[in-house]
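Here are the chains, one letter per residue:
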Amino acid sequence: MLGDGVWKGRLFRWCGRLGTNQNTSKLILRPKLRINRDDGGVSLDLQLVNDAGMTVWVEDATIVLTDLDAIWQTSIPNGQARHEIRQNVRANESLELSLAGAIYDAAGRAEGRYACFMGVVVRCRVGEEWFNKALDTYRVEMTGLEARSLHRLRWYEKKARPSDRPV
């Protein structure tokens, strides 16, 4: 049996979590990129996992491509795209959506195999506060709308300049 002081202390801490004064600065929305192989198709998906105790409104994802290596494109690549999401992600739930079309358009509708570095920023709102969640930089290889490989860029994988090479 717990003493009165310990029991009341735990009860007040628990009640404090249920109050309306929730701290929105501790937003726990975890965006992740992953390759999804489903029914013979391969897509590049953005997975948004909401570990917060409240619903999060996800507005959009901004995709920026750099160092695009493509052989043949059907349009001029602009290197960036905005994928509108505009959905609620409830507490302790997740949302998964494909970014393949947005990447394909930003790469100039490349035909054949193409590769680039990709940065993604997800814009979301909790209550009246807006937040930006940036993902790490990834190297992605695609063929048309199908993802071939996805690797997170690490500090030691950056391009070596000629002056950085040992003699």
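Bear in mind that the values here come from a model prediction, so they are computed numbers and not experimental data.

*Asks:* Just checking my understanding: could you explain the overall build of the protein chain for this structure?
*Replies:* Counting its regular elements, the protein chain contains two helices and nine strands. The secondary structure elements of the protein chain, listed N-terminal to C-terminal, are α-β-β-β-β-β-α-β-β-β-β. Here the contacts in the protein chain between residues at least 6 apart in sequence split such that 65% fall between residues at least 24 apart. As presented, the protein chain carries roughly 11,100 Å² of accessible surface, and 49% of it is formed by carbon and sulfur atoms.

*Asks:* For this particular structure, what's the right way to read the sheet that holds strand β2 (residues 41-50)?
*Replies:* Each strand in a sheet pairs with its neighbour through backbone hydrogen bonds, running either in the same direction (parallel) or in the opposite one (antiparallel). One open sheet accounts for three strands, arranged β1-β2-β5; its pairing is antiparallel. A strand with exactly one partner marks an edge of an open sheet, and here the two such strands are β1 (29-38) and β5 (94-98). In this sheet, neighbouring strand axes are inclined to one another by 25° on average, regardless of whether the strands run parallel or antiparallel. For β1 and β2, the ladder comprises 10 bridges, and the chain directions are antiparallel. Bridging from a neighbouring strand, Arg-34 pairs with Asp-45 of β2.

*Asks:* What should I look at first to understand the pairing of strand β8 (residues 138-143) in this one?
*Replies:* The side chains of a regular strand alternate between the sheet's two faces. Side chains Tyr-138, Val-140 and Met-142 project from β8 onto a buried face, and the interleaved Arg-139, Glu-141 and Thr-143 project onto a face without burial. Here strand β6 (residues 110-126) pairs with β8 via six bridges, running antiparallel. Its bridge partner lying in β8, Arg-113 is registered against Thr-143. Count of turn residues in the β8/strand β9 (residues 146-152) antiparallel hairpin: two residues, of which Gly-144 carries a positive phi of about 65°.

*Asks:* Just to check I follow, could you spell out the environment of Thr-143 for this structure?
*Replies:* Among the structural elements, Thr-143 can be located in strand β8. Judged by its relative accessible area of 31%, Thr-143 falls in the partly exposed class. Excluding its chain neighbours within four sequence positions, the residues that come into contact with Thr-143 are Gly-112, Arg-113, Tyr-114 and Arg-148. At a separation of 3.4 Å, a polar atom in the side chain of Thr-143 contacts the side chain of Arg-148.

*Asks:* What is the right way to look at the side chain of Asn-50 in this model?
*Replies:* Tracing the sequence through the fold places Asn-50 in strand β2. Here Asn-50 falls in the buried class, since its relative accessible area comes to 0%. A polar contact is formed between the side chain of Asn-50 and the backbone oxygen of Val-89, at a distance of 2.9 Å. The residues touching Asn-50, leaving out its near neighbours within four places in the chain, are Ile-28, Leu-29, Thr-55, Val-56, Val-89, Arg-90, Ala-91, Asn-92 and Glu-93.

*Asks:* I tried to follow the packing of aromatic side chains on my own but got confused; where do I start?
*Replies:* Within a pair of aromatic rings, the relevant descriptors are the distance that separates the centres and the angle that separates the planes. Tallied over the entire structure, the rule returns zero aromatic pairs. Against the face of Trp-130 rests Arg-123, its NZ or CZ located 5.0 Å from the ring centre.

Reading the values: rules and limits
Residues numbered from 1 in each chain as written. Predicted model: local features only at pLDDT ≥ 70, side-chain atom pairs only at ≥ 80, totals over all residues. Heavy atoms only, no water. Helix = DSSP H or I, 4+ residues; strand = E, 2+ residues; numbered from the N terminus. Contact = heavy atoms within 4.5 Å. Areas by Shrake-Rupley, 256 points an atom, 1.4 Å probe, with all protein chains shown as cover. Pairing = 2+ DSSP bridges. Axes fitted to C-alpha atoms, helices over the stretch in contact; angles between N-to-C directions. Buried < 20%, exposed > 50% of the residue type's maximum accessible area, 1.4 Å probe, protein only. Polar contact = N/O pair within 3.5 Å; in protein donor to acceptor, adjacent residues only side chain to side chain. Phe/Tyr/Trp six-rings, centres within 6.5 Å; stacked < 30°, edge-to-face > 60°. Lys NZ or Arg CZ within 6 Å of the ring centre and 35° of its normal.

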